[in-house]
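# Structural description and commentary
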Number of protein chains: 2
Amino acid sequence: MSETAPDLSTTPRLYVDQPLAPGATITLPVPQSHYLAQVMRRQPGDVVRLFDGRSGEWAARLVSVGRKAVTATLEAASAPQEAVADIWLCAAPLKRGRIDWVAEKACELGVARFVPVITRRTIVDKLNLDRLRAHMVEAAEQCGRTALPDLAEPTPLAALLRDWPAGRALIFADETGGEPLPAVCARAPAPAAVLIGPEGGFTPEERAAIRAVPQALAVTLGPRILRADTAAAVAVGVWQALVGDRAA
Amino acid sequence: MSETAPDLSTTPRLYVDQPLAPGATITLPVPQSHYLAQVMRRQPGDVVRLFDGRSGEWAARLVSVGRKAVTATLEAASAPQEAVADIWLCAAPLKRGRIDWVAEKACELGVARFVPVITRRTIVDKLNLDRLRAHMVEAAEQCGRTALPDLAEPTPLAALLRDWPAGRALIFADETGGEPLPAVCARAPAPAAVLIGPEGGFTPEERAAIRAVPQALAVTLGPRILRADTAAAVAVGVWQALVGDRAA
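Residues numbered from 1 in each chain as written. Chains lettered and ligands numbered in written order. Predicted model: local features only at pLDDT ≥ 70, side-chain atom pairs only at ≥ 80, totals over all residues. Heavy atoms only, no water.

By the naming in an unreviewed UniProt entry, chain A is Ribosomal RNA small subunit methyltransferase E, taken from Sandarakinorhabdus fusca. Of chain A, the UniProt comment under Catalytic activity (unreviewed entry) reads exactly: "uridine(1498) in 16S rRNA + S-adenosyl-L-methionine = N(3)-methyluridine(1498) in 16S rRNA + S-adenosyl-L-homocysteine + H(+)". If you open the UniProt record of chain A and go to Subcellular location (unreviewed entry), you find "Cytoplasm". (UniProt positions renumbered as here; feature names shortened; annotations may be inferred.)

Structure representation (structure tokens):
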């Protein structure tokens, strides 16, 4: 970026679900248009930042500003497409909004893929994937990501384990004990996944099934019993600090 | 514990704000009494677990069960007082309940002290310490802690820095850059503290003031911009994984 390039760090940053290319003029969807026109009070000529999850981030100049339709012309690339460490988070749905929080943190912490896993003790029976995705989009807008995590369909644990990819380490938090997470991270480079159970934990049969997967690595997350949402964020955060972001 | 000791892991576990000693019969406060009598439907003779934050965890047998007053006699110690790593979390209040979540996670992750810090860009002007404490108590009950974090009075950043203890490392998340957190953890054993700013970050003047503290260690938490609540949980989680819980 040249020294005279404008400081874009305080301009609105929005995800749009359409391919972006330099020179193109696009019409933003109603929610984003409303946000820019009514909430942020932007005017024609103002610059915003857009990303499509695939082609980095772009500076775009507003051409027309209506309450329900804002158009913008893409100018220069403002950030390259990010390198994503190949880490998945596989987590059982949690009640009381905690799964929304997990989806948000998964995105902030840079996971490549988020897999809701249905286990024996999973209490939540209906999972709103659109809402989870909205939380991830908002997190990506705020944290500067140019890639959204893939959001997988809810997957029964047995199916997840049966189809587990050959080369992917399966780091799972086992409340009955395991190795310290940093030690496991040291020998579990990408591709890897973190698997976290529901509020009530895995059943003994589920734990045995997980341990039977050759790629499984049981970890302990310390001497205290962490809630599932905490365990998910901390396990991914420690992996990223020790393996992912360092390697990137 | 002998082989015939009962499995207490599924019995209710409650914090009581009164000193516990073997043989004593105590009357539980109204909320805990209500919970045991009305929610958990416990009967005289049932066993519960109690902790006072100071003397470990005790098995207690219920003597009388009323809707507003339950009495219990303390029997045997069921867990020793935990060893707490000397890590503080100093964090600016956050809006929309995110500070409650930070208090909960601070407790789950085993911090010794939680200090709400008032900074220039702190938006929240009224902080309900009783509510923060209630979140920490609930977290301690759930995660098996026998110690509650000290909850400090809200402290202006300038005062915090002026009185910073001589021997305590001050690990602060600096969005303008710093060393990777694992590298800093390696040379910041306890006592240490993690300092996290508000939603809008520290001002340049605040960052300069923090860096001027001789014990300050600026860290980066990776290539993405983490929300303040995420930064707090991950920084403490990584420190505990690399320094605190390992050393304990």
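### Observations concerning the overall build of chain A
Summing up its helical and strand segments, chain A has 7 helices and 13 strands in all. Each principal axis of the C-alpha atoms in chain A carries an extent, and together these give about 60 × 40 × 30 Å. Going through the 248 residues of chain A one by one, you find that 54% of them count as buried. Across chain A, the fraction of contacts at a sequence separation of at least 24, relative to all contacts at a separation of at least 6, is 73%. By element, 54% of the accessible surface of chain A is carried by carbon and sulfur atoms, the whole surface being about 11000 Å². A distance of 4 Å separates the average location of the 27 positive side-chain charges in chain A from that of its 27 negative side-chain charges. (Helix = DSSP H or I, 4+ residues; strand = E, 2+ residues; numbered from the N terminus. Buried < 20%, exposed > 50% of the residue type's maximum accessible area, 1.4 Å probe, protein only. Contact = heavy atoms within 4.5 Å. Areas by Shrake-Rupley, 256 points an atom, 1.4 Å probe, with all protein chains shown as cover. Lys, Arg positive; Asp, Glu negative; His and termini not counted. Charge placed at Lys NZ, Arg CZ, Asp CG, Glu CD.)

### As for the pairing of strand S13 (residues 216-220) of chain B
All names here are of chain B. Of all 5 residues in S13, 4 are buried; the element is thus mostly enclosed. Both strand S11 (residues 179-180) and S13 contribute to a ladder of 2 bridges, which runs parallel. By the bridge assignment, proline 180 is partnered in S13 with threonine 220. (Pairing = 2+ DSSP bridges.)

### Describing the relation of the copies chain B and chain A
Superposing chain B onto chain A takes a rotation of 180 degrees combined with a translation of 0.0 Å along the rotation axis, leaving an RMSD of 0.0 Å. In symmetry terms, the pair is related by a two-fold rotation axis. A share of 100% of the interface residues of chain B reappears at the interface of chain A, consistent with the copies meeting face to face through the same patch. (Least-squares fit on C-alpha atoms with pLDDT ≥ 70 in both.)

### Things to note about the sheet that holds strand S1 (residues 13-15) of chain A
Residue and element names in this part refer to chain A. Strands sit in the order S1-S3-S4-S5-S2 across an open sheet of 5 strands; the sheet is mixed. At either margin of the open sheet sits one strand with a lone partner, and together these are S1 and strand S2 (25-27). Within this sheet the neighbouring strands show an average axis-to-axis angle of 40 degrees, counted without direction. Its contacts with the sheet put helix H1 (residues 30-39) on S1, strand S3 (47-51), strand S4 (57-65) and strand S5 (70-79), and the angle it makes with S1 is roughly 165 degrees. Against the sheet, helix H3 (residues 129-143) contacts S1 and S3, and its axis sits at roughly 150 degrees relative to S1. (Axes fitted to C-alpha atoms, helices over the stretch in contact; angles between N-to-C directions.)

### Quick notes on the UniProt feature "domain: Ribosomal RNA small subunit methyltransferase E PUA-like" (unreviewed entry) in chain A
Mapped onto the present numbering, the UniProt feature "domain: Ribosomal RNA small subunit methyltransferase E PUA-like" (unreviewed entry) falls at residues 31-74 of chain A. With 20% helix and 43% strand, the stretch residues 31-74 of chain A has end C-alpha atoms that lie 19 Å from each other.

### A short note on the environment of B:Leu28
Positionally, B:Leu28 belongs in the loop between strand S2 (25-27) and helix H1 (30-39). Those residues in contact with B:Leu28 that lie beyond four places of it in its chain are B:Val16, B:Ser33, B:Leu36, B:Leu50 and B:Val70.

### A few points about the packing of helix H2 (residues 98-108) of chain A against helix H2 (residues 98-108) of chain B
At a minimum axis separation of 14 Å, H2(A) and H2(B) run at an interaxial angle of 85 degrees. When the axis of H2(A) is compared with that of H2(B), the two are roughly perpendicular. Contact with H2(A), carried on its side by A:Arg98, A:Trp101, A:Glu104 and A:Lys105, involves B:Arg98, B:Trp101, B:Glu104 and B:Lys105 of H2(B) and no other residues of that element. (Parallel < 35°, antiparallel > 145°, perpendicular 65-115°, else oblique.)

### So, the pattern of salt bridges
In the structure shown here, the tally under the stated rule is 38 salt bridges over all chains. Linking A:Asp163 and A:Arg162 is a salt bridge whose minimum nitrogen-to-oxygen distance equals 3.5 Å. Accessibility classification places A:Asp163 together with A:Arg162 in one group, the exposed group. As a salt-bridge pair, B:Arg131 and B:Asp100 come within 2.9 Å of each other at their nearest N and O atoms. Of this pair, B:Arg131 sits in helix H3 (residues 129-143) while B:Asp100 sits in helix H2, placing them 31 residues apart in sequence. Of the residues examined, B:Asp100 reaches a relative accessible area of 12% and is grouped as buried. Taken together, the salt bridges that share partners define one network made up of A:Arg98, A:Arg227, A:Asp229, B:Glu104, B:Lys105, B:Glu108 and B:Glu138. (Salt bridge = Lys/Arg side-chain N within 4 Å of Asp/Glu carboxyl O.)

### Brief notes about the state of the cysteines
Scanning the entire structure with this criterion turns up 0 disulfides over all chains. You can see A:Cys107 has no disulfide; the closest cysteine sulfur is in A:Cys143, sitting 5.0 Å from it. Note on A:Cys107: relative accessible area 0%, which makes it buried. In this model A:Cys185 remains outside any disulfide bridge; the closest cysteine sulfur is found in B:Cys185, 13 Å from its own. (Disulfide = S-S within 2.5 Å.)

### Focus: helix H6 (residues 204-211) of chain A
Residues and elements named next belong to chain A. Of all the residues in H6, the buried ones are Glu206, Arg207 and Ile210. On an axial view of H6, the arc spanned by its buried residues comes to 100 degrees, and they lie on one face. In the core, the buried residues of H6 are packed alongside helix H4 (157-162), strand S10 (169-173), strand S12 (192-196) and strand S13 (216-220). (Arc of directions from axis to C-beta.)

### Observations concerning the side chain of A:Lys105
Topologically, A:Lys105 is positioned in helix H2. Classification of A:Lys105 as buried rests on a relative accessible area of 1%. With near-sequence residues (within four places) excluded, A:Lys105 lies in contact with A:Ala233, B:Arg98, B:Arg227, B:Asp229 and B:Thr230.

### Examining the packing of H2(A) against H3(A)
All names here are of chain A. The contact between H2 and H3 brings their axes to 8 Å, and the two run at 40 degrees. Seen along the crossing, H2 lies across H3 with a hand that is right-handed. Within the contact between the two elements, H2 uses Ile99, Asp100, Ala103, Glu104, Cys107 and Glu108 and H3 uses Arg131, Leu132, His135, Met136, Ala139, Ala140 and Cys143. Counted by class, the contact of H2 with H3 contains 8 nonpolar, 1 polar and 4 charged residues. (Left-handed = near helix turned anticlockwise from the far one by under 90°. Nonpolar A, V, L, I, M, F, W, Y, C, P; charged D, E, K, R; others polar.)

### What to know about the interface of chain B and chain A
Taken together, the contact pairs 32 residues of chain B with 32 residues of chain A. Approximately 2500 Å² of surface area, both sides summed, lies buried where chain B meets chain A, with 52% of it carried by carbon and sulfur atoms. Remark: the boundary between chain B and chain A carries 10 salt bridges. Summed over the shared surface of chain B and chain A, the number is 20 residue pairs in polar contact (both at pLDDT 80 or more). When contributions to the side of chain B that touches chain A are tallied by element, the ones reaching two or more residues are H2, H3 and helix H7 (228-247) of chain B. The element best represented in the side of chain B that touches chain A is H7(B), accounting for 10 residues. Taken together, the residues that form the side of chain B that touches chain A break down as 15 nonpolar, 6 polar and 11 charged. (Buried area = accessible area lost by both parts, 1.4 Å probe. Polar contact = N/O pair within 3.5 Å; in protein donor to acceptor, adjacent residues only side chain to side chain.)

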